[in-house]
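# Overview (structure and organization)
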Amino acid sequence: MCYYLEGRNGEKLERLQKQIDFIVEIDKLKNIFRQNVVIEDRRNENDAEHSWHLSMMALLLREHFIDPNVDLLKSVKMTIIHDLVEIYAGDTFCYDQEGNKDKLEREIQSARKLFSILPKDQEKELWDLWQEFEETDTMEAKFAACLDRMQPLLLNSMTEGHTWKKPGVNKNKVIERNKILRDHAPNLWEYVISKIDDAVEKGHLKE
């Protein structure tokens, strides 16, 4: 849906219109629900809540990342942008082998469709940031990815392993999913391992 603006400066208003259209479109992220549940009332977390949580984690946990010069603002941008593609592609459970086969293809198509709503310069900026996060080659992307792995683990540790009880999930798979923290955030890695071991001991995660 387009919300048309009127005024004298056509070029600026056209740019603003595209920005507003994008802002309206991404409101749909609030209705994309993830497999994890929130701690308080155990309802499914939505993507917007997940992205906000990652951004707060980035602000608070940068000191634990191995590179003290990581560009925090760039990493925060990635945490905000990375799941926008799920508006069209949907959420794919990280341990769903079948669903992950075409995940990247679906998300690339979604990114092209969604970001094309924006003015060309901002379309390129968001595309580049999203692609950088997906490729996980830069320190900023690695930092954002560490947080993206750790946040669901925190929720699971506080909700008796809610998604860890799904078929096919076990300790080794959770460790593999989170191993990026081992080399890039050692303090957070130790915390993650302690939570995994605790979950196994309590019967919330299969050995």
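In what follows, the accompanying structure is described. (Residues numbered from 1 in each chain as written. Predicted model: local features only at pLDDT ≥ 70, side-chain atom pairs only at ≥ 80, totals over all residues. Heavy atoms only, no water.)

## Considering the layout of surface pockets
Estimated volume of the largest pocket: approximately 630 Å³. For the lining of the largest pocket, the elements supplying multiple residues, two or more each, are strand 1 (33–37), helix 5 (103–115), helix 6 (120–135), helix 7 (139–158) and helix 8 (171–178). Ranked by residues supplied to the lining of the largest pocket, first place goes to helix 7 with six residues. Elements that contribute at least two residues to the lining of the second largest pocket include exactly helix 3 (72–81) and helix 6. In the lining of the second largest pocket, the residues fall into eight nonpolar, one polar and two charged. (1 Å grid on protein atoms, 1.4 Å probe; cavity = no way out; pocket = protein on both sides within 12 Å on 5 of 7 lines; lining within 4 Å. Points joined across faces, edges and corners; volume = space filled by probe spheres on them. Helix = DSSP H or I, 4+ residues; strand = E, 2+ residues; numbered from the N terminus. Nonpolar A, V, L, I, M, F, W, Y, C, P; charged D, E, K, R; others polar.)

## As for the packing of helix 2 (residues 47–61) against helix 3
Taken N-terminus to C-terminus, the directions of helix 2 and helix 3 make an angle of 165°; their axes are 8 Å apart at the nearest point. Taken as axis vectors, helix 2 and helix 3 run roughly antiparallel relative to one another. As for the relative orientation of helix 2 and helix 3, their crossing is right-handed in sense. In contact with Ser51, Leu54, Ser55, Ala58 and Leu59 of helix 2, helix 3 contributes Leu72, Val76, Thr79 and Ile80. Taken together, the residues of the contact of helix 2 with helix 3 break down into six nonpolar, three polar and no charged. (Axes fitted to C-alpha atoms, helices over the stretch in contact; angles between N-to-C directions. Parallel < 35°, antiparallel > 145°, perpendicular 65-115°, else oblique. Left-handed = near helix turned anticlockwise from the far one by under 90°. Contact = heavy atoms within 4.5 Å.)

## Observations regarding the side chain of Lys171
The topology assignment puts Lys171 in helix 8. Residue Lys171 is classed as buried on the basis of its relative accessible area of 16%. Apart from residues no more than four positions distant in its own chain, Lys171 is found in contact with Ile196, Asp197, Val200, Leu205, Lys206 and Glu207. (Buried < 20%, exposed > 50% of the residue type's maximum accessible area, 1.4 Å probe, protein only.)

## Thoughts on the packing of helix 2 against helix 7
Axis separation between helix 2 and helix 7 bottoms out at 9 Å; the angle between their running directions is 115°. Here helix 2 is positioned roughly perpendicular relative to helix 7, judged by the angle of their axes. The chirality of how helix 2 crosses helix 7 is right-handed. Of the residues in helix 7, those in contact with His50, His53, Leu54, Met57, Ala58 and Leu61 of helix 2 are Phe143, Leu147, Asp148, Met150, Gln151, Leu154 and Leu155. Looking at side-chain class alone, the contact of helix 2 with helix 7 contains nine nonpolar, three polar and one charged residues.

## Things to note about helix 10 (residues 186–202)
Spacing of three or four residues puts side chains on the same side of an α-helix, whose turn is 3.6 residues. Its 17 residues give helix 10 an end-to-end C-alpha distance of 24 Å, which sits within 8% of 24 Å, the value for a rise of 1.5 Å per residue. Within helix 10, burial applies to Leu188, Trp189, Val192, Ile196, Ala199 and Val200. The buried residues of helix 10 all sit within an arc of 115° when viewed along its axis, so they share a single face. Facing away from the buried side of helix 10, by more than 90 degrees, are the exposed residues Glu190, Glu201 and Lys202. (Expected span 1.5 Å × (residues − 1). Arc of directions from axis to C-beta.)

## Brief notes about the nonpolar core
Of all hydrophobic cores here, the largest spans 29 residues; its most connected members are Val174, Leu181 and Leu205. At the level of secondary structure, the elements contributing two or more residues to this core comprise helix 2, helix 3, helix 7, helix 9 (180–184) and helix 10. In contact with Leu181, not counting residues within four places along its chain, are Cys146, Arg149, Met150, Pro186, Leu188, Trp189 and Val192. Counting residues in hydrophobic clusters, the runner-up holds 18 residues, among them Val85, Phe115, Leu118 and Leu126. (Core = buried A, V, L, I, M, F, W, Y, C linked by side-chain atoms within 4.5 Å.)

## Remarks on the packing of aromatic side chains
Counted according to the given criterion, the structure contains three aromatic pairs. Summarising the aromatic geometry, the rings of Phe93 and Tyr95 are spaced 5.5 Å apart at their centres and angled 75° between planes, so their arrangement reads as edge-to-face. An identical accessibility class is assigned to Phe93 and Tyr95; each is buried. With a centroid separation of 5.6 Å and an interplanar angle of 40°, the aromatic rings of Trp127 and Trp130 are classed as tilted. Of this pair, Trp127 and Trp130 both sit in helix 6, separated by three residues, roughly a single helical turn. When sorted by exposure, Trp127 lands in the same class as Trp130, which is buried. Seen from the ring of Tyr88, Lys113 lies directly overhead, with NZ or CZ sitting 4.2 Å from the centre. (Phe/Tyr/Trp six-rings, centres within 6.5 Å; stacked < 30°, edge-to-face > 60°. Lys NZ or Arg CZ within 6 Å of the ring centre and 35° of its normal.)

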